[in-house]
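Residue strings, one per chain:
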Amino acid sequence: MPGLEHEVEWPSLIFFVGLFVVIAAAESTGLIQEIANVVLQASQGNLTIAVIMILWVSAIASAFIDNIPFTATMLPIVLFLSESFGLPKDNVLWWSLSLGACLGGNGTVIGASANVVTVGVAEKAGFRISFVEYMKMCWWPMMITVTMCMVYLLIAY
């Protein structure tokens, strides 16, 4: 009877450990606060620009960085921006982050935990799904859904 260690999806586990280490390093070096300042300056104090930037940066980044650690990294940035714009705690910037990170994770294999695990399980079952094959099938639907969300956010808020 094989041990539990044979059932663990080790490549996925190591991938996520590495991601969280990188995120912790970015936060402790002050990189996160620097990013928040850059976003605030780039938006020129314009909330509409900030909404679009957070949505699209979150979507594109989440396609290549797992959306869970990316979102965890963005929390203090969105909080800083919300306070800078004088917004209530539940505001459009949080929706921009949520929608961008969630939908952006659909763009590539490494964009979401479920994608990584599913491709690993498929490979164990004899079905290989390459990074490029996955991206060819999923990139444009991701771009379309993020565009739809941008239109919604700009109309609703």
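For the structure itself, look to the data block above.
Residues numbered from 1 in each chain as written. Predicted model: local features only at pLDDT ≥ 70, side-chain atom pairs only at ≥ 80, totals over all residues. Heavy atoms only, no water.

### Quick look at the nonpolar core
Ranked by internal contacts, the top residues of the largest apolar core, which has 31 residues, are Leu55, Leu93, Met142 and Val146. Counting residues per element, the ones that place at least two in this core are helix 2 (31-43), helix 3 (47-64), helix 4 (67-84), helix 5 (92-104) and helix 7 (131-156). For this core, the element with the highest residue contribution is helix 3, accounting for eight residues. Here Leu93 is in contact with Leu47, Ala50, Val51, Ile54, Val78, Leu81, Ser82, Phe85 and Leu87, once residues within four sequence places are set aside. (Core = buried A, V, L, I, M, F, W, Y, C linked by side-chain atoms within 4.5 Å. Buried < 20%, exposed > 50% of the residue type's maximum accessible area, 1.4 Å probe, protein only. Helix = DSSP H or I, 4+ residues; strand = E, 2+ residues; numbered from the N terminus. Contact = heavy atoms within 4.5 Å.)

### A word on the packing of helix 5 against helix 7
Look at helix 5 against helix 7: their axes get within 9 Å of each other, and the N-to-C directions meet at 170°. Overall, the two elements helix 5 and helix 7 adopt an arrangement that is roughly antiparallel. Taken together, the residues of helix 7 that come into contact with helix 5 (itself represented by Val92, Trp95, Ser96, Leu99, Leu103 and Gly104) are Met142, Thr145, Val146, Cys149 and Leu153. Looking at side-chain class alone, the contact of helix 5 with helix 7 contains eight nonpolar, three polar and no charged residues. (Axes fitted to C-alpha atoms, helices over the stretch in contact; angles between N-to-C directions. Parallel < 35°, antiparallel > 145°, perpendicular 65-115°, else oblique. Nonpolar A, V, L, I, M, F, W, Y, C, P; charged D, E, K, R; others polar.)

### Considering the environment of Ser98
Mapping Ser98 onto the fold places it in helix 5. Taking the C-alpha atoms as reference, Ser98 lies 17 Å from Ala36; in sequence the two are 62 residues apart.

### Points about a nonpolar patch on the surface
A cluster of nonpolar side chains, Trp10, Leu13, Ile14, Val17 and Val21, forms an exposed patch at the surface whose accessible area comes to about 490 Å². As for its position among the elements, Leu13 is in helix 1 (residues 10-28). You can call Leu13 partly exposed: its relative accessible area is 40%. (Patch = residues over 30% accessible without salt bridge, like charges linked within 9 Å, V, L, I, M, F, W, Y side chains within 5 Å. Areas by Shrake-Rupley, 256 points an atom, 1.4 Å probe, with all protein chains shown as cover. Salt bridge = Lys/Arg side-chain N within 4 Å of Asp/Glu carboxyl O.)

### Looking at the state of the cysteines
As enumerated under the stated definition, the model contains zero disulfides in all. Between Cys138, a cysteine without a disulfide, and Cys102, which holds the nearest cysteine sulfur, the sulfur-to-sulfur distance is 14 Å. The cysteine Cys149 is free of any disulfide, with Cys102 supplying the nearest cysteine sulfur at 8.7 Å. Exposure remark for Cys149: the relative accessible area of 14% places this residue in the buried category. (Disulfide = S-S within 2.5 Å.)

### Some remarks on the layout of surface pockets
Empty space among the atoms becomes visible once a probe the size of a water molecule is rolled across them. Looking at the largest pocket, its volume works out to about 190 Å³. Lining the largest pocket, in full, are Leu19, Val22, Ile23, Ala26, Leu31, Ile32, Ile35, Ile65, Phe70, Thr73, Met74 and Ile77. Of all elements in the fold, only helix 1, helix 2 and helix 4 reach the threshold of two or more residues within the lining of the largest pocket. For the lining of the largest pocket, the class distribution of residues is 11 nonpolar, one polar and no charged. (1 Å grid on protein atoms, 1.4 Å probe; cavity = no way out; pocket = protein on both sides within 12 Å on 5 of 7 lines; lining within 4 Å. Points joined across faces, edges and corners; volume = space filled by probe spheres on them.)

### A word on helix 7
Counted at 1.5 Å a residue, the expected span for helix 7 with its 26 residues is 38 Å, and the 35 Å between its end C-alpha atoms agrees. Along helix 7, the largest kink reaches about 35° and is centred on Cys138; proline Pro141 follows within four residues of it. Among the structural elements, helix 3, helix 5 and helix 6 (113-124) are those in contact with the buried residues of helix 7. (Expected span 1.5 Å × (residues − 1). Bend = angle between axes of the 7 residues up to and from the residue.)

Purely geometric numbers; function is a separate question.
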